[in-house]
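# Examining the three-dimensional arrangement
Single-letter residue listing:
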Amino acid sequence: MDANEIDRRMAEAAQAEEHGQYDQATHLYDRLGKDVRAQCGRFDTRAIDAFEGMARSIHKSTRA
């Protein structure tokens, strides 16, 4: 997975979140975080960013 693929997938998750599709955003962030972690290491900042996005989407879904 290259940086462009990670950026594309992060943008896809962010777009779902912006449109209020929190379950989909949570799933996309989670999958991306797991993929980055598997390929780049568990402390890669991009994995951490994805998991933070997942947490944010979960939080937003509880307020919706």
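Note: the structure precedes this text.
What you are looking at is a predicted structure, and each value in this text was computed from that prediction instead of being measured.

Put simply, helix α2 (residues 22-40) and helix α3 (residues 45-63) touch, their axes get as near as 8 Å, and they point 160° apart. Taken together, the axes of α2 and α3 lie roughly antiparallel to each other. Both α2 and α3 take part in a crossing whose hand is left-handed. Across the interface between the two elements, Tyr22, Ala25, Thr26, Tyr29, Asp30, Leu32, Gly33, Lys34, Val36, Arg37 and Cys40 of α2 pack against Arg46, Ala47, Ala50, Phe51, Gly53, Met54, Arg56, Ser57, Ile58, Lys60 and Ser61 of α3. Among the residues making up the contact of α2 with α3, the classes are represented as 11 nonpolar, five polar and six charged.

Conventions adopted
- Residues numbered from 1 in each chain as written.
- Predicted model: local features only at pLDDT ≥ 70, side-chain atom pairs only at ≥ 80, totals over all residues.
- Heavy atoms only, no water.
- Axes fitted to C-alpha atoms, helices over the stretch in contact; angles between N-to-C directions.
- Helix = DSSP H or I, 4+ residues; strand = E, 2+ residues; numbered from the N terminus.
- Parallel < 35°, antiparallel > 145°, perpendicular 65-115°, else oblique.
- Left-handed = near helix turned anticlockwise from the far one by under 90°.
- Contact = heavy atoms within 4.5 Å.
- Nonpolar A, V, L, I, M, F, W, Y, C, P; charged D, E, K, R; others polar.

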